[in-house]
Amino acid sequence: MTYTRLLQHRAPDGARSVILAEGDSAHFLKGVTTVRELALRAIATGETLATTAQACPAGDAVDIAAEFAAGRLLAPIDHEDPAHLLMTGTGLTHLGSAEGRDKMHKAAASSENQTDSMRMFLEGLEGGKPAAGQVGQQPEWFYKGDGSQLVGPTDPFTMPAFAQDGGEEPEMAGIYIVGEDGTPYRLGLAIANEFSDHVTERHNYLWLAHSKLRQASLGPELLLGTPPESIEGTSRILREGKAIWEKPFLSGEANMSHTLANLEHHHFKYDLFCRPGDIHVHFYGTATLSFSDSVKTQEGDVFEISAAPFTLPVANPLTRAKERAVAVKVL
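In this text, all values refer to a predicted model and were calculated from it rather than measured experimentally.

Analysis parameters
Residues numbered from 1 in each chain as written. Predicted model: local features only at pLDDT ≥ 70, side-chain atom pairs only at ≥ 80, totals over all residues. Heavy atoms only, no water. Salt bridge = Lys/Arg side-chain N within 4 Å of Asp/Glu carboxyl O. Buried < 20%, exposed > 50% of the residue type's maximum accessible area, 1.4 Å probe, protein only. Pairing = 2+ DSSP bridges. Helix = DSSP H or I, 4+ residues; strand = E, 2+ residues; numbered from the N terminus. Axes fitted to C-alpha atoms, helices over the stretch in contact; angles between N-to-C directions. Phe/Tyr/Trp six-rings, centres within 6.5 Å; stacked < 30°, edge-to-face > 60°. Polar contact = N/O pair within 3.5 Å; in protein donor to acceptor, adjacent residues only side chain to side chain. Contact = heavy atoms within 4.5 Å.

### Description of the pattern of salt bridges
- Using the criterion set out here, one finds 13 salt bridges in the structure.
- Between Arg 275 and Asp 278 there is a salt bridge, with its nearest N and O atoms 2.7 Å apart.
- You can call Arg 275 partly exposed: its relative accessible area is 39%.
- Judged by relative accessible area, which is 0%, Asp 278 ranks as buried.
- Three or more residues are tied together by salt bridges with common partners; here these are Lys 144, Glu 169, Glu 194 and Lys 212.

Written out as structure tokens, the structure reads:
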């Protein structure tokens, strides 16, 4: 099957452009500089994003792998005003392995006092895939930040000086734009690294909100149309060019306890998330973490996440910010 993807490109002189990739071929689009611009055009004409992109005059052919290696590919979505791009996510949405599920079910059945996490996971298994027209169980939800926290496909992650950990979360992210009438539109999916502080989260689950206020990255390709039911990928940590940890991961509705429609309903049911013109990057969750295998990351490590049908990975090195004094002045 041939999948249609959109990519955003920045030339050495700073000029922005959009690339249309179909199968193994890719070319620049004439007359459009951002995916957001193209999406608004599609809404205005009532066409799909893929049809709108295909209708644009074709420019030069391009080798997207070479452009990725040169660092000229951007995140596949952004907003000229970063405050109008919101990054949020859901947790406890993926089934994980059959063995892992069985262990969790047995643990839950033998415990009189289920944890909140276990209860939410089981409720998602039971009610996360409602029948058409019905509202299912709401998932865990968290806020990550605005567009200033979105990192490019090969740019460094900068964890705060106070962070206790910097760890990867290999996920799929839904990319959305809100139309002028308040209707949210899904543009497509992207590979994502929902970078988090798992040591902080482990200390106390009520610190989850703190652990999620970190940067996140997207792979360069925006996958258009209906996504595959099952997406299989690989998450790796490279240290000095060698893999110190590697594991496959599964995503897509076939491997989730919630449908995308149910996750979308419970995000966009809030009026404040239906502000016309806004961009939303919504992370769908994962079941695979190096932290679960007792891996301790360090500065210089590179998180590399790849998954078919995407042809390019997202690969971000880890850095740490310098300490910054925080003091509030009274006016």
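Past the structure itself, the notes keep going.
### A word on the sheet that holds strand β16 (residues 302-307)
- Read across the open sheet, the five strands follow the order β8-β17-β16-β13-β14; overall the sheet is mixed. In this open sheet, the two edge strands, each paired with only one partner strand, are β8 (157-159) and β14 (242-251). Going across the sheet, the axis of each strand differs from the next one's by a mean of 20°, ignoring polarity.
- Across six bridges, strand β13 (residues 231-239) lies against β16 in antiparallel orientation. Bridging across to β16, Leu 238 finds its partner in Val 302.

### Considerations on the packing of aromatic side chains
- Applying the stated criterion across every chain yields a total of six aromatic pairs.
- Centroid distance Phe 195 to Phe 303: 6.1 Å. Interplanar angle 55°. Geometry classified as tilted. Residue Phe 195 is located in the loop between β10 (184-193) and α6 (198-203), and its partner Phe 303 is located in strand β16; the two are separated by 108 residues in the primary sequence.
- Arranged with centres 6.2 Å apart and planes meeting at 80°, the rings of Tyr 270 and Phe 273 form a pair that is edge-to-face.
- Here a set of aromatic residues connected by ring pairs shows up, and it is made of Trp 141, Tyr 270 and Phe 273.

### Looking at the side chain of Asn 316
- Note that Asn 316 resides in strand β17 (residues 314-320).
- For Asn 316, the side chain forms a polar contact with the main-chain oxygen of Pro 153, separated by 3.5 Å.
- Once you skip the residues sitting within four places of it in the chain, Asn 316 turns out to touch Val 151, Gly 152, Pro 153, Thr 154, Asp 155, Phe 157, Ser 217, Asp 301, Val 302 and Phe 303.

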